[in-house]
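Residue-level listing of the chains:
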Number of protein chains: 2
Amino acid sequence: MSAVSIKEALSGRRPEGSEVTVKGWVRTRRDSKAGLSFVNLSDGSCFDAIQIVVPNTLANYDSDVLRLTAGCAVIATGTLVPSQGKGQNFEMQASAIEVTGFVDDPETYPIQPKPHSMEFLREVAHLRPRTNVFGAITRVRHSLAQAVHRFFHENGFYWVNTPIITTSDAEGAGQMFRVSTLDMANLPRTEKGAVDFDKDFFAKDAFLTVSGQLNVEAYCLALSKVYTFGPTFRAENSNTSRHLAEFWMIEPEIAFADLAADADLAEALLKYVFKAVLEERADDMAFFVDRVEKTAISRLEHFINSPFERIDYTDAVKILQNSGKSFDFPVEWGVDLQTEHERFLVEQHVGRPAVVMNYPEQIKAFYMRMNDDGRTVAAMDILAPGIGEIVGGSQREERLELLDARMAKMGIDAAHYQWYRDLRRYGTVPHAGFGLGFERLVVYTCGLANIRDAIPYPRVPGHAEF
Amino acid sequence: MSAVSIKEALSGRRPEGSEVTVKGWVRTRRDSKAGLSFVNLSDGSCFDAIQIVVPNTLANYDSDVLRLTAGCAVIATGTLVPSQGKGQNFEMQASAIEVTGFVDDPETYPIQPKPHSMEFLREVAHLRPRTNVFGAITRVRHSLAQAVHRFFHENGFYWVNTPIITTSDAEGAGQMFRVSTLDMANLPRTEKGAVDFDKDFFAKDAFLTVSGQLNVEAYCLALSKVYTFGPTFRAENSNTSRHLAEFWMIEPEIAFADLAADADLAEALLKYVFKAVLEERADDMAFFVDRVEKTAISRLEHFINSPFERIDYTDAVKILQNSGKSFDFPVEWGVDLQTEHERFLVEQHVGRPAVVMNYPEQIKAFYMRMNDDGRTVAAMDILAPGIGEIVGGSQREERLELLDARMAKMGIDAAHYQWYRDLRRYGTVPHAGFGLGFERLVVYTCGLANIRDAIPYPRVPGHAEF
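Reference entry: report on the structure contained in this document.

Cut-offs applied
- Residue positions are counted from 1 within each chain, in the order its sequence is given.
- Each chain takes a letter, starting from A, and each ligand takes a number, starting from 1, following the order in which they are written.
- In view of the model being predicted, local features appear only for residues whose pLDDT reaches at least 70, and side-chain atom pairs are presented and counted only at 80 or more, with totals across whole chains, interfaces and linings using the full set of residues.
- By convention in this description, side-chain values take in all heavy atoms of the structure and omit both hydrogens and water.
- Every helix listed is a DSSP run of H or I at least four residues long, and every strand listed is a run of E at least two residues long, numbered separately from the N terminus.
- The rule is simple: take the accessible area with a 1.4 Å probe, protein chains only, and divide by the maximum for that residue type; under 20% is buried, over 50% is exposed, in between is partly exposed.
- Residues count as neighbours in contact if any of their non-hydrogen atoms are within 4.5 Å of one another.
- Where accessible areas are quoted, they stem from the Shrake-Rupley method and a 1.4 Å probe; at the residue level, only the protein chains shown are allowed to cover.
- The convention is simple: Lys and Arg are positive, Asp and Glu are negative, and His and the chain ends are not counted.
- Charge positions come from single atoms, namely NZ of Lys, CZ of Arg, CG of Asp or CD of Glu.
- Note that the arc is defined by the directions from the helix axis to the C-beta atoms.
- All axes are obtained by fitting lines to C-alpha atoms, using only the stretch in contact for helices, and the reported angles, taken between N-to-C directions, cover 0 to 180 degrees.
- Should an angle lie under 35 degrees it is considered roughly parallel, over 145 roughly antiparallel, and from 65 to 115 roughly perpendicular; all remaining angles are considered oblique.
- Each crossing gets its hand from how the near helix is turned against the far one by less than a right angle, where anticlockwise is left-handed and clockwise is right-handed.
- Gly is put with the polar residues, along with every residue not named as nonpolar or charged; the nonpolar set is Ala, Val, Leu, Ile, Met, Phe, Trp, Tyr, Cys and Pro, and the charged set is Asp, Glu, Lys and Arg.
- The term buried area refers to how much accessible surface (probe radius 1.4 Å) is lost by two components on association, counted for both of them together.
- Think of a salt bridge as a Lys or Arg side-chain nitrogen and an Asp or Glu carboxyl oxygen that are within 4 Å of each other.
- For this overlay, a least-squares fit was computed on C-alpha atoms, restricted to residues scoring pLDDT of at least 70 in both copies.
- Here the aromatic set is Phe, Tyr and Trp, taking the six-membered ring for Trp, and pairing holds for ring centres within 6.5 Å; pairs whose planes are under 30 degrees apart are stacked, those over 60 apart are edge-to-face, and all others are tilted.
- Sitting over a ring, as applied to charges here, requires NZ of Lys or CZ of Arg to be within 6 Å of the ring centre and within 35 degrees of the ring normal.
- Note on pairing: two strands pair once DSSP finds at least 2 bridges between them.

## Concerning the overall build of chain A
(1) Moving on: The helix and strand inventory of chain A stands at 12 helices and 17 strands.
(2) Moving on: In terms of overall dimensions, chain A has a C-alpha envelope of 85 × 60 × 45 Å along the principal axes.
(3) Moving on: Out of the 466 residues in chain A, the part that is buried amounts to 61%.
(4) Moving on: Contacts in chain A between residues at least 24 apart in sequence constitute 67% of all its contacts with a sequence separation of at least 6.
(5) Moving on: Element-wise, carbon and sulfur atoms account for 47% of the exposed surface of chain A, whose accessible area totals about 17600 Å².
(6) Moving on: For chain A, the distance from the average site of its 49 positive side-chain charges to the average site of its 63 negative ones is 2 Å.

Shown next, in the form of structure tokens:
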């Protein structure tokens, strides 16, 4: 007799009649008049629970088995036999049931065997992994993350973890969280009465990073192909279904590369990870189709099989202006595209993912490379049907004099970026990269409506969290 | 003609006479009297640079090639031929050299082709990836991280990212960094004059996590086998060669498991990742042996080939007391072991890695499982020759009444841990896990002396950082 995962027990790899032990948590129990109980047991190794048929001849049938409710922890030993019912091919005929943990007050146990609203589950984040939907999200999330690492490894990239606590603001944009060990009830002061950050842990202002891009560029200009995959933070008080204060980002950076190569890399990465999920997580994806978003699988298949359209920003604006659609936000050259515009472009105009390239300089960050037209920069957004922007990237300005000019124009103090300027003084090369928000990738893959359901623990400003 | 990495060009997979393009940064240039220049070019894809033989017949030989210095960025096209010299099997005979970036003021370029002290390189963190040693560390670090993810994936574990910003302190121990968006120059106050954290971003005190363990336990008790791999933070003002304020941790957690299973898992993981590095990074590891730590390879081989010794803490104390050694810190039952004790145990007494188990309850965290003796808990440390502690883990207290008793004894407010207590009320099971500091793993693998050289950017309190 050997202990196996429920995934293994249901796989058909164990011959009929094998004696095995499985361990997990009860989903449901049903008792027949014939003196049998049917216990569905889940261990999270796969979507399905295994059905365990328990005869009333077991010594602890009355004392334990008949007390089993949703959430109880059970070690079941028995024989694998072909299943009589629909669904699984195998079930277990139990010869022993051991209960390691009952459920206190089963009536109030939050995870009952019935559908729960996502709102309710956000309130019981420590228990929601026990539901079908969060089990599935966790497994899909895992497969996406693994596929990301595998894709880069197979393509000769090196993973670099950039600083989380930083003293620079990558974009001059996102609101940042301060990191401090000062006693806020009793702040140290300078002679002039200002807060004395010399006394803080790092002896200066310190914040949580909004992006690892600038840092990873230094590694790119030595190792050629690198990527980050780590947490980033935005202190924007955006309690919406699309924003998180804390999220993971994937940021590859490639040397001797232009915007076209950057777009090709993003297309290859996205197709690779979606393919991996469809192959590895067919059971979980079928559940999402059934219960969450009926196009969850078909839209990924369409995504994988479509060559991405490339559209110049200037052309995209014309398309939108000539669309005859009335948008909430009017479109004209020079404005950033809103989700309504992005979704119109890919869902109604192009009908497949699109890379919009070469945005007006005034709406893009200082480090993006000036195009020869002198008014656009080599930036791109990748838009996907059903969600809008999923990737944002650019070729970086590798010419020091142009970088300096752009920083001056935007009022950015070059003195804060000496090390970044050094990268242009010492063996500069064309290079490019992009950012892919990991939770947005999870949202898109699973067909979720709220990004807070794409993370293990929901984080909401002003809200309980762990 | 195709662009290839230098790793590919040197691999022997391209037939002699192939025309290829390589792109990278100059390490050295040497000119011969016969009208040839020998340029060593590195792109970080592997340890070695490729030798490029440039004839003075190239049109830009005088204007460009003779100006090449360390750090210049070059695109070289030519033919792969067997190498005449020692070292590589292949070199390139160049037919074209394009320089994308020279080095401003070569005399002051920090990364000269000579050995630099690690102290000096910490001051030029943005350029140190261009050195042999940081190129090698980055590649080894990558292989370790990939192997960690692969090991868990192959063994049915799911990756869970636990919150970075948190309101709970996992150990009641480590000093924490506060995370805040309050204006410190003008703090909001309550009527009583205290700082009003209701006005802060999360409407309460928030900190950077010291460990994901408590959070990941909730996932373990639904998905059975899970792990974290993400950053953790300790605001300890320990400017030593062994401590970092920000570091990455690997924290697996397994359900239906005891301390022995936990130790087995850690042993299997460590052996797997060291094997992967020896296989994938033979070139980089040979460099570490040559320049950094002459036992770098042999000690990993020894580690892989040794079954770990299991020692009870109580026996370890007796061994140390009977050793005849005089330690800086005296040993008696009840004290925590210091590095000098740990290294004596594994280096002189056991001669291979050891798992020390069952520590006195008073020196261990509240969540560790009480043993039947009533005075020790099911904790373990894994000690390795050459470094001391590399893994710390425990079986968790899954019995609610014992957890509550321990929290009460330690003065921990159970009200802060209701969700954690819930995990014991609803289907509790024996479970266990451990923490492996990723940077310590890198230090040990490469044979480094200072943990600040195991991270991409050094972070020292009161010190310049990025």
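Right, picking up where we left off after that structure.
## Here we look at helix α6 (residues 282–291) of chain B
All names here are of chain B.
(1) Moving on: All buried positions along α6 are accounted for by Asp-284, Met-285, Phe-287 and Phe-288. On an axial view of α6, the arc spanned by its buried residues comes to 155°, and they lie on one face.
(2) Moving on: Contacts made by the buried residues of α6 are with α3 (132–154), α5 (259–280), α7 (296–305) and α12 (438–446).

## Digging into the environment of B:Glu217
Residue and element names in this part refer to chain B.
(1) Moving on: Relative to the assigned elements, Glu-217 resides in helix α4 (residues 213–223).
(2) Moving on: Among the residues examined, Glu-217 registers a relative accessible area of 0% and is labelled buried.
(3) Moving on: When the C-alpha atoms of Glu-217 and Leu-448 are compared, they prove to be 33 Å apart, with 231 residues separating the residues in sequence.
(4) Moving on: When sequence neighbours within four positions are dropped, the list of residues in contact with Glu-217 reads Glu-253, Arg-396, Tyr-420, Leu-423, Arg-424 and His-431.

## Side note on the packing of α3(B) against α12(B)
All names here are of chain B.
(1) Moving on: It is the contact of α3 with α12, at a shortest axis distance of 10 Å, that shows an interaxial angle of 120°. Considering their axes alone, α3 and α12 lie oblique with respect to each other. Taken as a pair, α3 and α12 cross one another with a handedness that is right-handed. Contacts between α3 and α12 involve Ile-137, Val-140, Arg-141, Leu-144 and Ala-145 on the former and, on the latter, Phe-438, Glu-439, Leu-441, Val-442, Thr-445 and Cys-446.
(2) Moving on: Looking at side-chain class alone, the contact of α3 with α12 contains eight nonpolar, one polar and two charged residues.

## A few points about the interface of chain B and chain A
(1) Moving on: Contacts between the two partners involve 107 residues from chain B and, on the opposite side, 106 residues from chain A.
(2) Moving on: Taking both sides of the interface into account, the surface hidden between chain B and chain A amounts to around 9200 Å²; carbon and sulfur atoms contribute 62%.
(3) Moving on: Counting the surface chain B buries against chain A, the share from its top three residues, B:Met184, B:Phe201 and B:Tyr426, is 9%.
(4) Moving on: At the boundary of chain B and chain A, one finds two salt bridges.

## Side note on the relation of the copies chain B and chain A
(1) Moving on: Rotating chain B by 180° and moving it 0.0 Å along the rotation axis overlays it on chain A with an RMSD of 0.0 Å. Both chain copies can therefore be described as sitting about a two-fold axis. It is B:Val179 whose C-alpha, among those of chain B, lies nearest the rotation axis, at 2.5 Å.
(2) Moving on: An overlap of 99% is found between the interface residues of chain B and their copies at the interface of chain A, pointing to a shared contact surface.

## What to know about the packing of helix α7 (residues 296–305) of chain A against helix α12 (residues 438–446) of chain A
All names here are of chain A.
(1) Moving on: The interhelical angle for the contact between α7 and α12, taken along N-to-C directions, is 115°, at an axis separation of 8 Å. When the interaxial angle is binned, α7 and α12 end up roughly perpendicular. In this structure, α7 contributes Ala-296, Arg-299, Leu-300 and Phe-303 to the contact, and α12 contributes Val-443, Tyr-444, Thr-445 and Cys-446.
(2) Moving on: The residue inventory of the contact of α7 with α12, partitioned by class, reads six nonpolar, one polar and one charged.

## Here we look at α4(B)
(1) Moving on: Within α4(B), 11 of the 11 residues are buried, which leaves the element mostly enclosed by the surrounding structure.
(2) Moving on: Turning to α4(B), its buried residues are B:Gln213, B:Leu214, B:Asn215, B:Val216, B:Glu217, B:Ala218, B:Tyr219, B:Cys220, B:Leu221, B:Ala222 and B:Leu223.

## Notes on the packing of aromatic side chains
(1) Moving on: Under the criterion given, the structure shown has 59 aromatic pairs over all chains.
(2) Moving on: Arranged with centres 5.9 Å apart and planes meeting at 5°, the rings of A:Phe202 and B:Phe177 form a pair that is stacked. Taken together, the residues span two chains, with A:Phe202 in the loop between β9 (178–180) and β10 (207–208) and B:Phe177 in the loop between β8 (165–166) and β9 (178–180). When sorted by exposure, A:Phe202 lands in the same class as B:Phe177, which is buried.
(3) Moving on: Ring centres of B:Phe303 and B:Phe308 lie 5.1 Å apart, and the angle between their planes is 90°; on these two criteria the pair is classed as edge-to-face. With respect to burial, B:Phe303 and B:Phe308 carry one shared label: buried.
(4) Moving on: In this structure, A:Arg299 packs its charged tip against the face of A:Tyr444, placed 4.6 Å from the ring centre.

## A look at the pairing of strand β14 (residues 354–360) of chain A
Residues and elements named next belong to chain A.
(1) Moving on: A large share of β14 lies buried, amounting to seven of its seven residues.
(2) Moving on: Note that β14 and strand β15 (residues 376–384) share six bridges and pair antiparallel. Note that in β15 the partner of Met-357 across the bridge is Met-380.

## Observations concerning the sheet that holds strand β7 (residues 158–159) of chain A
All names here are of chain A.
(1) Moving on: Across the sheet, which stays open at both edges, the eight strands sit in the order β7-β11-β12-β17-β16-β15-β14-β13 with mixed pairing between neighbours. Of all strands in the sheet, those with a lone pairing partner are β7 and β13 (309–312), marking the two edges.
(2) Moving on: Two elements, strand β12 (residues 246–255) and strand β17 (residues 431–437), share five bridges in a ladder whose sense is antiparallel. Counted as the bridge partner of Ala-255 is His-431 from β17.
(3) Moving on: Contacting β7, β11 (225–233), β12 and β17, helix α4 (residues 213–223) runs over the sheet at an angle of about 30° to β12.

## Some remarks on the sheet that holds strand β17 (residues 431–437) of chain B
All names here are of chain B.
(1) Moving on: Strand order across the open sheet formed by eight strands is β7-β11-β12-β17-β16-β15-β14-β13, with mixed pairing between neighbours. Across the chains shown, the open sheet's two edge strands, defined by having one partner strand only, are β7 (158–159) and β13 (309–312).
(2) Moving on: Pairing of β7 with strand β11 (residues 225–233) involves two bridges; the strand directions are parallel. Of the residues in β11, the one forming a bridge with Tyr-158 is Val-226.
(3) Moving on: Packed on one face of the sheet, helix α8 (residues 313–321) meets β13 and β14 (354–360) and runs near 90° to β13.

## Quick word on the pattern of salt bridges
Residues and elements named next belong to chain B.
(1) Moving on: This model, assessed by the stated rule, comprises 54 salt bridges over all chains.
(2) Moving on: Here Glu-267 ties to Lys-271 by a salt bridge, and the two come within 2.8 Å at their closest N and O atoms. A residue pair is termed a helical-turn pair when its members lie 3 or 4 positions apart in one helix, as Glu-267 and Lys-271 do in helix α5 at four residues. Here the two residues Glu-267 and Lys-271 agree in accessibility, since each one is buried.
(3) Moving on: Linking Asp-381 and Lys-364 is a salt bridge whose minimum nitrogen-to-oxygen distance equals 3.9 Å. Linking Asp-381 in strand β15 (residues 376–384) with Lys-364 in the loop between β14 and β15, this pair joins segments that are 17 residues apart in sequence. By the burial criterion, Asp-381 is buried, and Lys-364 matches it.

Spatial relationships are all this shows, so hold off on functional conclusions.
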